Amino acid sequence: MRIHEKGSGGVLIPGVQIIEVDSHIDERGSLSYLEFESELGFLPKRFFYLSSISKDAIRGDHAHKECLQFLIALRGSVSIQFDDGLRTSTIHLEEGNKGLLVRPMIWAKLSEFSTQALILVLASHNYDEDDYLRDYSQYRALVNAWEL
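Residues numbered from 1 in each chain as written. Predicted model: local features only at pLDDT ≥ 70, side-chain atom pairs only at ≥ 80, totals over all residues. Heavy atoms only, no water.

### A short note on the overall build of the chain
Assigned secondary structure in the chain consists of two helices and 13 strands. By the compact-globule yardstick of 15 Å for 148 residues, the chain fits well, its C-alpha radius of gyration being 15 Å. Across the 148 residues of the chain, 41% fall into the buried class. A sequence separation of at least 24 residues applies to 77% of the contacts in the chain between residues at least 6 apart. Element-wise, carbon and sulfur atoms account for 49% of the exposed surface of the chain, whose accessible area totals about 8400 Å². Charge separation in the chain, taken as the distance between the mean sites of 15 positive and 22 negative side-chain charges, equals 4 Å. (Helix = DSSP H or I, 4+ residues; strand = E, 2+ residues; numbered from the N terminus. Rg over C-alpha atoms; globule rule 2.2 N^0.38 Å. Buried < 20%, exposed > 50% of the residue type's maximum accessible area, 1.4 Å probe, protein only. Contact = heavy atoms within 4.5 Å. Areas by Shrake-Rupley, 256 points an atom, 1.4 Å probe, with all protein chains shown as cover. Lys, Arg positive; Asp, Glu negative; His and termini not counted. Charge placed at Lys NZ, Arg CZ, Asp CG, Glu CD.)

Below you can see the structure in the form of C-alpha cells.
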C-alpha cells in the first residue's frame, strides 16, 4: 500500500496521521489487524464503507466538530484532500496496510475513486448531524475564531 502526499511540501497537516495496520502473512493468505484503543486511540462506535462509487463522485466534503475517523482503502484507491483552515494536503490512499486517522475540525474531501474502490471508515461517535460542518465558509469562520 502506498500513500502519496501532495501539497504542503509533501507533509501531512496537523490533525491527520498515517496509521500502519499490522499484517500476518503465510501460505493461507494475509490477516490484518488493529488494536482500537492502543493503536487507533479511540474505540469506534460506528463504521461505514463507501462502495460502487463513480469515478467523478465527491464524498465527505465536510468537517466534524468532535468525531475522529479512521479511513482505509480495503480495495482500490481514493484521493483525499485535507484542510485545517490554514493548509491543505492531498493524500492518495491505496489498498494495503496503512490508513489515515483524521481528527476533529479537519475538512476532508474524497475524490478520484478507482473502479471497485472500497473505503472503510471507523468513527469515534455515533451519527449526529449537529457534529457536521458542511458549509466551508462557516468552517473557516469557526477555525479563524479559534486562532484568535
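So, next bit.
### Quick look at the pattern of salt bridges
On inspection of all chains with the given rule, the structure shows three salt bridges. The closest approach of N and O atoms between D84 and R87, which form a salt bridge, is 2.4 Å. Its relative accessible area of 11% is what places D84 among the buried residues. Residue classification places R87 among the partly exposed positions, given a relative accessible area of 35%. A salt bridge links E129 to R134, with the shortest nitrogen-to-oxygen separation between them at 2.8 Å. Here E129 falls in the partly exposed class, since its relative accessible area comes to 36%. (Salt bridge = Lys/Arg side-chain N within 4 Å of Asp/Glu carboxyl O.)

### Examining the layout of surface pockets
To locate leftover empty space, one rolls a probe as large as a water molecule over the atoms. If you add up the space inside the largest pocket, you get close to 300 Å³. In terms of lining, the largest pocket is formed by 22 residues, of which the most central are F48, G60, H62, H64 and Q69. Mapped by element, the contributors of at least two residues to the lining of the largest pocket are β5 (46-50), β6 (59-64), β7 (69-75) and β11 (107-111). A breakdown of the residues in the lining of the largest pocket according to their chemical character gives 15 nonpolar, four polar and three charged. Forming the boundary of the second largest pocket are 13 residues, of which V21, S32, I72, L74 and L120 lie nearest the centre. Tallying contributions element by element places β7 first for the lining of the second largest pocket, with four residues. Looking at the lining of the second largest pocket residue by residue, the classes come out as 10 nonpolar, three polar and no charged. (1 Å grid on protein atoms, 1.4 Å probe; cavity = no way out; pocket = protein on both sides within 12 Å on 5 of 7 lines; lining within 4 Å. Points joined across faces, edges and corners; volume = space filled by probe spheres on them. Nonpolar A, V, L, I, M, F, W, Y, C, P; charged D, E, K, R; others polar.)

### Re the sheet that holds β7
Taken in spatial order, the five strands of this open sheet run β2-β10-β7-β12-β5, and their pairing is antiparallel. Of all strands in the sheet, those bounded by a partner on one side alone are β2 (16-20) and β5. Direction aside, the axes of adjacent strands within the sheet are offset by 25 degrees on average. Pairing geometry for β7 and strand β10 (residues 98-102), over three bridges, is antiparallel. Following the sheet pairing, L71 is matched in β10 by L100. (Pairing = 2+ DSSP bridges. Axes fitted to C-alpha atoms, helices over the stretch in contact; angles between N-to-C directions.)

### What about the nonpolar core?
Across soluble globular proteins, nonpolar side chains show a tendency to be buried alongside one another. Core analysis: the largest hydrophobic core is formed by 22 residues, its most contacted members being I80, F82 and F113. For this core, the element with the highest residue contribution is strand β8 (residues 77-83), accounting for three residues. (Core = buried A, V, L, I, M, F, W, Y, C linked by side-chain atoms within 4.5 Å.)

### Let's talk about the confidence of the model for the chain
For the chain, the mean per-residue pLDDT works out to 90, and 91% of the residues sit at or above 70. The low-confidence segment residues 1-10 (pLDDT under 50) makes 34 contacts with residues lying over four places distant or belonging to another chain. (pLDDT = per-residue confidence, 0-100.)

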